Amino acid sequence: MRFPGRDYKISSAREAGAEVGRPRDVQRGRGLRRFLSAILLLGLIAALTRPGRRLGRALARRLDARVECFTEPGSNTYVHFFAPIFEHLYRRVAEDAARELAARGRIHRPLILDLGCGPGDLAVAMSRRLRDARIVGIDLSPSMLLWAGRHATTDGRLRFIVGDAADLPFDDASIDLVVSTLSLHHWTEPAEAFAEIARVLRPGGVALIYDLGLLSFTPAEMAGVATEAGLEPADIQRERVRGGLLSSFYVRFKLEGFPQE
Ligand SMILES: C[S@@+](CC[C@H](N)C(=O)[O-])C[C@H]1O[C@@H](n2cnc3c(N)ncnc32)[C@H](O)[C@@H]1O
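Residues numbered from 1 in each chain as written. Predicted model: local features only at pLDDT ≥ 70, side-chain atom pairs only at ≥ 80, totals over all residues.

### Quick notes on the pairing of strand β4 (residues 175-181)
(1) Moving on: Burial analysis of β4 places seven of its seven residues in the buried class, which makes it a mostly covered element.
(2) Moving on: Both strand β1 (residues 111-115) and β4 contribute to a ladder of three bridges, which runs parallel. Residue pairing for β4: Leu-113 is matched across the bridge by Val-178.
(3) Moving on: The pairing of β4 with strand β5 (residues 201-212) spans six bridges and is classified as parallel. Residue pairing across strands places Leu-177 opposite Val-206, the latter belonging to β5.
(4) Moving on: Running through helix α8 (residues 190-200), the crossover from β4 to the neighbouring parallel element β5 is right-handed. (Buried ≥ 20, exposed ≤ 12 C-beta atoms within 10 Å, placed from the backbone. Helix = DSSP H or I, 4+ residues; strand = E, 2+ residues; numbered from the N terminus. Pairing = 2+ DSSP bridges. Right-handed = clockwise from strand over helix to strand, strands pointing away.)

### Some thoughts on the pairing of β5
(1) Moving on: The sheet contact formed by β5 and strand β7 (residues 250-256) spans seven bridges and is antiparallel. Directly across from Leu-208, in β7, lies its bridge partner Lys-254.

### Points about the site of the ligand
(1) Moving on: In the region of the ligand, 24 residues are neighbours, and Gly-116, Gly-118, Ser-141, Thr-181 and Ser-183 sit closest.
(2) Moving on: Looking at the shell around the ligand, the elements that each hand over two or more residues are α6 (121-129) and β2 (134-139). (Near = placed C-beta within 6 Å.)

### Quick word on the confidence of the model for the protein
Atom-level detail of predicted coordinates should not be read off regions where pLDDT is low.
(1) Moving on: Scored by pLDDT, the protein comes out at a mean of 85, with 84% of its residues at no less than 70.
(2) Moving on: Under a pLDDT of 50 for its full length, residues 1-21 has, in the predicted model, 43 contacts with residues more than four places off or in other chains. (pLDDT = per-residue confidence, 0-100. Contact = placed C-beta atoms within 7 Å.)

### So, the environment of Arg-240
(1) Moving on: Locating Arg-240 in the fold gives a position in strand β6 (residues 236-240).
(2) Moving on: C-beta crowding within 10 Å serves as the criterion here: with 11 such atoms nearby, Arg-240 is assigned to the exposed category.
(3) Moving on: Taking the C-alpha atoms as reference points, Arg-240 and Gly-213, separated by 27 residues in sequence, lie 9.1 Å from one another.

### Concerning the environment of Leu-101
(1) Moving on: Tracing the backbone through its elements, the reader meets Leu-101 in helix α5 (residues 87-103).
(2) Moving on: Distance from Leu-101 to Gly-204, taken between C-alpha atoms, is 9.8 Å for residues 103 residues apart in sequence.
(3) Moving on: What Leu-101 contacts, discounting residues up to four positions off in sequence, is Ile-107, Pro-110, Leu-130, Asp-176 and Leu-177.

### Focus on the packing of α5 against α6
(1) Moving on: Interhelical geometry of α5 versus α6 gives an angle of 45° and a closest axis separation of 9 Å. In terms of axis orientation, α5 runs oblique to α6. The handedness of the crossing between α5 and α6 comes out as right-handed. Across from Tyr-90, Arg-91, Val-93, Ala-94, Glu-95, Ala-97 and Ala-98 in α5, the residues of α6 making contact are Asp-121, Leu-122, Ala-125, Met-126 and Arg-129.
(2) Moving on: Here the contact of α5 with α6 is built from residues that sort into eight nonpolar, no polar and four charged. (Axes fitted to C-alpha atoms, helices over the stretch in contact; angles between N-to-C directions. Parallel < 35°, antiparallel > 145°, perpendicular 65-115°, else oblique. Left-handed = near helix turned anticlockwise from the far one by under 90°. Nonpolar A, V, L, I, M, F, W, Y, C, P; charged D, E, K, R; others polar.)

Okay, structure coming up:
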């Protein structure tokens, strides 16, 4: 499924890993930095009024569609400049993840999947908060995974693999918790990805997919994604993110694991 302004940024892992060190790459890195600053500024404006929100969303999507993200220079810029800005989000999501798992009773060594894990900051925050969890980060971009791999543990409790949200290398009903931050609006096949999330979630498991409200799916768009994924629109709940002014920039999509037939 495609939406206006959502054309590709990454279509394969190979495309995602570009050569390094050329001046053009440096320029692209700068371009990405400027672009993401513009997105944050637009987010502020959009938060204030309804027409502002509509305009901001259209502009942000148009800008977003022009950016080639997560090649080597893009990943480096993201790691050094942007990931630190989102630290508050990773802590919040780790708290939410712990709360959701606790609400489901004691699960021995829960298996958690971080979709579009990027440089791995969320996976690290969760591994600190959930000491007995096994966490797998998965991402299309090899250059992002080079950064993430630095956090991998030798006991396999925290590991990172190349992969696509739309084609998850996991068995049916094998995952206790799926999380994702700021990746959803990059997925070129969101319906396939949600179908995959529903497939791999254990009965009673849950998926918490966080994204920038300005760039992410409207309720009507997400209803279309759910239908195309073979789900009911009500299966994917669009929720506000709790926790102060900064949290109002984000939106959360929640999907519960289905009982097995
Ligand atoms: C803005 S970064 C967010 C990274 C990290 N989740 C964070 O919050 O810092 C988006 C990430 O999603 C990844 N991505 C985009 N499309 C993907 C897909 N279909 N499957 C897996 N990862 C994807 C990109 O490679 C990139 O690392």
